[in-house]
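Residues per chain, in single letters:
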There are 2 protein chains.
Amino acid sequence: MKRAYNFNAGPSALPLAVLQRAQQELLDFRGTGMSVMELSHRSKEYDEVHNRAKQLLKELMNIPDTHDVLFLQGGASLQFSMVPMNFLTDGRVGNYVLTGAWSEKALKEAKKVGETHIAASSKEENYAYIPANESIQLSEEAAYLHITSNNTIFGTQWNEFPDADTDLIADMSSDILSREIDVAKFALIYAGAQKNLGPSGVTVAIIRTDLLERIPENLPTMLDYRTYSTSNSLYNTPPTFAIYMLSLVLEWVKEQGGVGVIEKRNQEKAGVIYAAIDESDGFYAPHAKKDSRSLMNITFTLPNEEVTKRFLAEAKERGFVGLAGHRSVGGCRASVYNAVPLEACEALAQFMKEFPKYFG
Amino acid sequence: MKRAYNFNAGPSALPLAVLQRAQQELLDFRGTGMSVMELSHRSKEYDEVHNRAKQLLKELMNIPDTHDVLFLQGGASLQFSMVPMNFLTDGRVGNYVLTGAWSEKALKEAKKVGETHIAASSKEENYAYIPANESIQLSEEAAYLHITSNNTIFGTQWNEFPDADTDLIADMSSDILSREIDVAKFALIYAGAQKNLGPSGVTVAIIRTDLLERIPENLPTMLDYRTYSTSNSLYNTPPTFAIYMLSLVLEWVKEQGGVGVIEKRNQEKAGVIYAAIDESDGFYAPHAKKDSRSLMNITFTLPNEEVTKRFLAEAKERGFVGLAGHRSVGGCRASVYNAVPLEACEALAQFMKEFPKYFG
């Protein structure tokens, strides 16, 4: 079997060792005579998986005791609605920094619930940068400040998080666990799993528990964060297999040496591809401004559409997958999440160096 | 490897052949060099999986062209809220038949959204039966009539569905695909997958498309059925692995000969266990009345708590899993969904015959 060079934006590459372990125990989970998918979510065996995933995330991200870890469904897109339904209360104002399509969607859902305010935006430059922290202007009566820590489509990433004078909420779907962060700065972090955490189908939320007291009564049970907090995310049947895969990915991160080691590796991985861009004499044009470059999604355009097509066709031939850019930016995008090996990045950089000579 | 006799109420047994196929292609999905979990949800390869699952469900359940198949997340519990948010509109009344804990939960969520009415209930007899169709009394201005086709906890099941003078909506989580039904009778059917359809993490909805026109504007995008219908359930990243497993389970049902064959097998399977109850001279007391017995969940009590404990301990020794009853009924429950083989039911019936002699 030859592994593809998988640069998908999500769902995306998983560590080979994780897939191998899942395969090995797929029919008989640790001597139960059942697949992990066949376990009751109320069984001792599943409980261990569930709690191990939670505990590993706490350990790897240094989550303080002030915060709880929840497992939800529906992806970040459902969080776009849950955040305002739970916290845009008492006539206060939801503050949003717009850094791409996903923050726009988050804002759109909040508008359905209450009053909102755009605290900063880089829309006028097609989201090529992250607004400086000094430029963020909160409204009066801010309920929270919502940011998107990494912008999958535009290839930008926050370097330093704002010290906002309100609760900071972050959609970290595409860079959670890719670098060390200070969780205490955040009131709420949420992330769909399908980039750095596991397969699609589970959403992780890390919530400062005093926020739970602010939630209005009478929300739909499944849209109330308290439901997950008070039941250990076991109010109804959770996506057990996705959480099992999450637990294996987290074990893998721990085995690699933790988030600090992963972060260094991510810098090296993205570094070789950005170098190929920067040393191409303008053949590859980066979309993101230098100080806002993402270590997760590397976006660049080629001289024209014809050359881009040829690049993608030739890349496909060589086993590179997922390099087509999103239509909002055009060109190409290489997503290099935690599980993408350095070797794949080096192979891509090599190909990027050769391509202009032979096909450019 | 010895397979457990898996009588879990859900998540529950999956067909061995399905697990074997998933295991075999877990590292390399059909020559892509990627796991199915690593495929982009926008790729041709995943698209085939997604559409195949949809098409197989249409074929196996004879779903008419008036209805669309949607894949959602959040389990039946989120549907309890989505149904009234989408359809309890214009001051009309949500009608509910109460046949157990799950219908009660559905009603509770509807009450948060609009006016409701209990059209029939068997609560006064601890939900031991399904109310007769003649006893159902609709309110004025009914928006819909909601029923729970099979009651996992109490072990009851609707035999004949009511010809209501309003749109019929059914939670079929625990008996979808277990018997032939006339989908045209229903405005909306929904089901969490983790009993007869696959692993937990995906919810199937079958909706008559004219209902979509009735949905109010400005619902949260992820809670609006139109979002799923207009995007082929690909508005955001779906739970791709769960849908893949669903497609394999549906292929398996087709290979078995379809739902009709499965239904006969389910009658035989439940039959041997009910026979063990009925021939026990009252040692095993069935909870459900005879005409309301479920073919999916068989509930019975033993003479006392002490004997029940001994039964469960002895059963565990022999490799039977998941037989403890829910606390609302006590005693035991054997869940015999589609993937539980006849052999497991026969082994349980045999054990039930022997137990009173040696331990009773």
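Residues numbered from 1 in each chain as written. Chains lettered and ligands numbered in written order. Predicted model: local features only at pLDDT ≥ 70, side-chain atom pairs only at ≥ 80, totals over all residues. Heavy atoms only, no water.

Going by the annotation in an unreviewed UniProt entry, the name recorded for chain A is Phosphoserine aminotransferase, with Anoxybacteroides rupiense given as the source organism. Note on chain A: under the UniProt heading Sequence similarities (unreviewed entry), the record states "Belongs to the class-V pyridoxal-phosphate-dependent aminotransferase family. SerC subfamily." A UniProt comment under Pathway (unreviewed entry) is attached to chain A, and it reads "Amino-acid biosynthesis; L-serine biosynthesis; L-serine from 3-phospho-D-glycerate: step 2/3." (UniProt positions renumbered as here; feature names shortened; annotations may be inferred.)

To continue, consider the overall build of chain A. Assigned secondary structure in chain A consists of 9 helices and 14 strands. Against the globule reference of 21 Å for 360 residues, chain A gives a C-alpha radius of gyration of 21 Å, in line with a compact fold. Referenced to the eigenvectors of the C-alpha coordinate spread, the extents of chain A come out at roughly 65 × 60 × 30 Å. When the 360 residues of chain A are sorted by exposure, 63% land in the buried category. Residue pairs in contact within chain A that sit at least 24 positions apart in sequence constitute 66% of those at least 6 positions apart. Averaging the positions of the 36 positive and the 45 negative side-chain charges in chain A gives two centres separated by 5 Å. (Helix = DSSP H or I, 4+ residues; strand = E, 2+ residues; numbered from the N terminus. Rg over C-alpha atoms; globule rule 2.2 N^0.38 Å. Buried < 20%, exposed > 50% of the residue type's maximum accessible area, 1.4 Å probe, protein only. Contact = heavy atoms within 4.5 Å. Lys, Arg positive; Asp, Glu negative; His and termini not counted. Charge placed at Lys NZ, Arg CZ, Asp CG, Glu CD.)

Another point: the sheet that holds strand E4 (residues 115-121) of chain B. All names here are of chain B. Here 7 strands make up an open sheet; going across it, the order is E2-E10-E9-E8-E5-E3-E4 and the pairing mixed. Edge positions in the sheet fall to strand E2 (67-72) and E4, since each of these pairs with one other strand and no more. Between one strand axis and the next, the sheet turns through 20° on average, direction left out of account. Note that strand E9 (residues 188-192) and strand E10 (residues 203-208) share 5 bridges and pair antiparallel. Counterpart to Ala191 in the pairing with E10 is Val204. Relative to the sheet, helix H2 (residues 44-60) contacts E2 and E10, its axis offset from that of E2 by approximately 135°. (Pairing = 2+ DSSP bridges. Axes fitted to C-alpha atoms, helices over the stretch in contact; angles between N-to-C directions.)

Before going further, it helps to examine the interface of chain A and chain B. Between chain A and chain B, the contact holds 59 residues from the first and 59 residues from the second. In this assembly, chain A packs against chain B so that about 4,700 Å² is buried in total across both faces, 58% of it on carbon and sulfur atoms. In this assembly, chain A and chain B are joined by 2 salt bridges. As a salt-bridge pair, Arg3(A) and Glu38(B) come within 2.8 Å of each other at their nearest N and O atoms. At the surface where chain A touches chain B, the tally comes to 27 residue pairs in polar contact (both at pLDDT 80 or more). (Buried area = accessible area lost by both parts, 1.4 Å probe. Salt bridge = Lys/Arg side-chain N within 4 Å of Asp/Glu carboxyl O. Polar contact = N/O pair within 3.5 Å; in protein donor to acceptor, adjacent residues only side chain to side chain.)

Moving on: the relation of the copies chain A and chain B. Rotating chain A by 180° and translating it 0.0 Å along the rotation axis places it on chain B, where the RMSD comes to 0.0 Å. Such a combination of rotation and displacement between the chain copies is what one expects of a two-fold axis. Closest to the rotation axis within chain A is the C-alpha of Gln23(A), separated from it by 2.7 Å. Counting the interface residues of chain A, we find that 100% of their copies in chain B are interface residues as well, pointing to one common contact surface. (Least-squares fit on C-alpha atoms with pLDDT ≥ 70 in both.)

Glancing now at the UniProt feature "modified residue: N6-(pyridoxal phosphate)lysine" (unreviewed entry) in chain A. In the UniProt entry, the feature "modified residue: N6-(pyridoxal phosphate)lysine" (unreviewed entry) is given for Lys195(A). Tracing the backbone through its elements, the reader meets Lys195(A) in the loop between strand E9 (188-192) and strand E10 (203-208).

Bringing the packing of aromatic side chains into the picture now. Residues and elements named next belong to chain B. Throughout the structure, instances matching the rule amount to 39 aromatic pairs over all chains. Ring centres 5.5 Å apart and planes at 85° place the aromatic pair Tyr284 and Phe300 in the edge-to-face group. You can see Tyr284 sitting in the loop between helix H7 (259-278) and strand E11 (285-286) and its partner Phe300 sitting in strand E12 (residues 297-301), a full 16 residues away along the chain. The exposure class of Phe300 is buried, given its relative accessible area of 0%. Ring centres of Tyr284 and Phe311 lie 5.9 Å apart, and the angle between their planes is 70°; this geometry places the pair in the edge-to-face category. Highlighted residues: Tyr284 in the loop between H7 and E11 and Phe311 in helix H8 (residues 305-317), separated in sequence by 27 residues. Comparing Tyr284 with Phe311, the two get one shared label, buried. (Phe/Tyr/Trp six-rings, centres within 6.5 Å; stacked < 30°, edge-to-face > 60°.)

Packed helices, taken two at a time, are described by their axes: the angle between them and the distance between them. Residues and elements named next belong to chain A. In the contact formed by helix H7 (residues 259-278) and helix H9 (residues 342-359), the axes pass within 9 Å of each other and the chain directions differ by 5°. Comparing their axes, H9 and H7 come out roughly parallel. Each of Glu268, Lys269, Val272, Ile273, Ala276 and Ile277 in H7 lies in contact with H9, whose residues at this interface are Leu342, Cys345, Glu346, Leu348, Ala349 and Met352. Of the residues in the contact of H7 with H9, the class split is 9 nonpolar, no polar and 3 charged. (Parallel < 35°, antiparallel > 145°, perpendicular 65-115°, else oblique. Nonpolar A, V, L, I, M, F, W, Y, C, P; charged D, E, K, R; others polar.)

Residues Leu57(A), Ile206(A), Met245(A), Leu57(B), Ile206(B) and Met245(B) are the most contacted members of the largest nonpolar core, which totals 120 residues. Ignoring sequence-local partners within four residues, the contact set of Ile206(B) consists of Leu57(B), Met61(B), Ile63(B), His67(B), Asp68(B), Val69(B), Ile176(B), Val183(B), Ala187(B), Leu188(B) and Ile189(B). Among the nonpolar cores identified, the runner-up in size contains 70 residues, and Val83(A), Phe154(A), Met82(B) and Ile153(B) belong to it. (Core = buried A, V, L, I, M, F, W, Y, C linked by side-chain atoms within 4.5 Å.)

A few words on the domain arrangement of chain A. Residue and element names in this part refer to chain A. According to the domain assignment, chain A consists of domain 1 (16-256) and domain 2 (257-358). Domain 1 and domain 2 are separated by 27 Å when their C-alpha centres are compared. Taken together, the contact pairs 29 residues of domain 1 with 28 residues of domain 2. For the pair domain 1 and domain 2, the two sides together bury roughly 2,300 Å², of which 51% comes from carbon and sulfur. Summed over the shared surface of domain 1 and domain 2, the result is 1 salt bridge. Where domain 1 touches domain 2, the interface holds 22 residue pairs in polar contact (both at pLDDT 80 or more). Secondary structure elements with two or more residues in the side of domain 1 that touches domain 2: strand E6 (150-151), strand E7 (156-157) and helix H6 (240-256). At 5 residues, H6 tops the list of elements feeding residues into the side of domain 1 that touches domain 2. (Domains from an automatic or database assignment.)

Turning to unusual backbone geometry, a few remarks are in order. Note: most residues except glycine have negative phi, and most peptide bonds are trans. Of note, the bond from Gly10(A) into Pro11(A) is cis; its omega dihedral lies within 30 degrees of zero at -5°. Counting through the fold element by element, Pro11(A) comes out in the loop between strand E1 (5-6) and helix H1 (16-24). A positive phi angle is found at Ser233(A), which is not glycine, with a value near 60°. Position of Ser233(A) among the secondary structure elements: in the loop between helix H5 (225-230) and H6. The phi dihedral of Tyr127(B) falls on the positive side, at around 55°, and the residue is not glycine. Examined against the element boundaries, Tyr127(B) turns out to sit in the loop between E4 and strand E5 (142-148).

What follows deals with the packing of helix H3 (residues 75-87) of chain B against helix H4 (residues 101-111) of chain B. All names here are of chain B. Interhelical geometry of H3 versus H4 gives an angle of 40° and a closest axis separation of 8 Å. With respect to their mutual orientation, H3 and H4 come out oblique. Regarding H3 and H4, the two cross each other, and that crossing is right-handed. Within the contact between the two elements, H3 uses Ser77, Phe80, Ser81 and Pro84 and H4 uses Trp102, Lys105, Ala106, Glu109 and Ala110. Here the contact of H3 with H4 is built from residues that sort into 5 nonpolar, 2 polar and 2 charged. (Left-handed = near helix turned anticlockwise from the far one by under 90°.)

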